[in-house]
Amino acid sequence: AVAAMKSPASALRHHRGGFIVWFTGLSGAGKTTLSRALEPILRAERPVEILDGDEVRTYLSKGLGFSREDRDTNIRRIGYVARLLARNGAAVVTAAISPYAATRDEVRALAEQDGVPFVEVFASAAIEALAARDPKGLYRKALAGEIANFTGVSDPYEAPASPDVVAKSDAETVDRSLARIVSHLQARGLLAAGRAEARAS
């Protein structure tokens, strides 16, 4: 279910500026799939940029490891770029594990200080479901101790306590999750009412 809205006053009018939709969740939980499904709906109204965790590590955070410090540095970099883009009118969709709650909260606070609306979407799925559908067998190897620092197995993942939207990717279709996200964006005034009902129904 959609959590209580962080900024109910924003629903009074359609927000014309940029904003950030921040997907967090374990590897394989559907962050990239949902971000790509959301992209054309947002693009009908404004420019859209997607910051995918794997791509960011290739081009922006090359050389960083998987210690807590390096993970936090990576997330702060994503947050910084997202704010710059959103301040210039783009809808920015991020898809990164972002395992630590304090760092996610820091990124949200900095965005809101800049007047950039921030929507946290938790792509939720049980480890068992992720391991069962993992084509590369990464969870199986991590559970067997063959991969170190694997988030959710040998490294912590701190699930959001009060995300704006929860997408249960192991229990619902992409369209159902997408409909919940679209509904929240409309309620916040970030997406015009009536957009994409056919796609997100």
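Before reading further, recall that the structure is shown in the block above.
Residues numbered from 1 in each chain as written. Predicted model: local features only at pLDDT ≥ 70, side-chain atom pairs only at ≥ 80, totals over all residues. Heavy atoms only, no water.

## Some remarks on the side chain of S35
You can see S35 is positioned in helix 1 (residues 31-43). Its relative accessible area of 0% is what places S35 among the buried residues. Non-local contacts of S35, meaning those with residues more than four positions away in its chain, are made with F23, I50, V93 and A95. (Helix = DSSP H or I, 4+ residues; strand = E, 2+ residues; numbered from the N terminus. Buried < 20%, exposed > 50% of the residue type's maximum accessible area, 1.4 Å probe, protein only. Contact = heavy atoms within 4.5 Å.)

## Side note on the packing of aromatic side chains
Considering all chains together, one arrives at 3 aromatic pairs under this definition. Aromatic pair W22 and F118: ring centres 5.8 Å apart, planes at 25°, arrangement stacked. One end of the pair, W22, is in strand 1 (residues 19-25); the other, F118, is in strand 4 (residues 118-124), with 96 residues separating them in the sequence. You'll find W22 and F118 in the same group, each marked buried. Ring plane angle 80° and centroid distance 4.9 Å describe the contact between Y139 and F150, whose orientation is recorded as edge-to-face. Here Y139, found in helix 6 (residues 138-143), pairs with F150, found in the loop between helix 6 and strand 5 (165-168); they are 11 residues apart in sequence, far enough to count as distant. A relative accessible area of 10% places F150 in the buried class. R68 extends its terminal NZ or CZ atom over the ring of Y100, reaching a point 3.8 Å from the ring centre. (Phe/Tyr/Trp six-rings, centres within 6.5 Å; stacked < 30°, edge-to-face > 60°. Lys NZ or Arg CZ within 6 Å of the ring centre and 35° of its normal.)

## Things to note about unusual backbone geometry
With phi around 40°, S98 is a residue other than glycine that occupies positive phi space. For S98, the position within the fold is in the loop between strand 3 (91-95) and helix 4 (101-113). According to the relative accessible area criterion, S98 is buried, its value standing at 2%. The backbone phi angle of N149 is positive, close to 55°, even though this residue is not glycine. Examined against the element boundaries, N149 turns out to sit in the loop between helix 6 and strand 5.

## A few points about the layout of surface pockets
Looking at the largest pocket, its volume works out to about 840 Å³. Taken together, 32 residues line the largest pocket, and the ones lying closest to its centre are S27, G28, K31, D54 and I97. Looking at the lining of the largest pocket, the elements with two or more residues in it are helix 1, helix 2 (53-59), helix 3 (68-87) and helix 6. For the lining of the largest pocket, a count of residues per class yields 14 nonpolar, 10 polar and 8 charged. (1 Å grid on protein atoms, 1.4 Å probe; cavity = no way out; pocket = protein on both sides within 12 Å on 5 of 7 lines; lining within 4 Å. Points joined across faces, edges and corners; volume = space filled by probe spheres on them. Nonpolar A, V, L, I, M, F, W, Y, C, P; charged D, E, K, R; others polar.)

## A closer look at the sheet that holds strand 4
With respect to topology, 5 strands assemble into an open sheet ordered 2-3-1-4-5, the strand pairing being parallel. At either end of the open sheet lies a strand with only one pairing partner, and these are strand 2 (48-52) and strand 5. For this sheet, the mean inter-axis angle between neighbouring strands, taken without regard to orientation, is 20°. Pairing geometry for strand 1 and strand 3, over 5 bridges, is parallel. Across the sheet, residue F23 finds its bridge partner in strand 3, namely A95. Packing of helix 3 onto the sheet brings it into contact with strand 1, strand 2 and strand 3, and relative to strand 1 it is tilted by some 155°. Of the strands in this sheet, strand 1, strand 4 and strand 5 are in contact with helix 7 (residues 174-187), which crosses strand 5 at around 170°. (Pairing = 2+ DSSP bridges. Axes fitted to C-alpha atoms, helices over the stretch in contact; angles between N-to-C directions.)

## Notes on the packing of helix 3 against helix 4
At their nearest, the axes of helix 3 and helix 4 sit 10 Å apart, and the two run at 20° to each other. Viewed along their axes, helix 3 and helix 4 adopt a mutual orientation that is roughly parallel. When you trace helix 3 past helix 4, the crossing you get is right-handed. Each of D72, I75, R76, G79 and R83 in helix 3 lies in contact with helix 4, whose residues at this interface are T103, E106, V107, L110 and A111. For the contact of helix 3 with helix 4, the residue count by class is 4 nonpolar, 2 polar and 4 charged. (Parallel < 35°, antiparallel > 145°, perpendicular 65-115°, else oblique. Left-handed = near helix turned anticlockwise from the far one by under 90°.)

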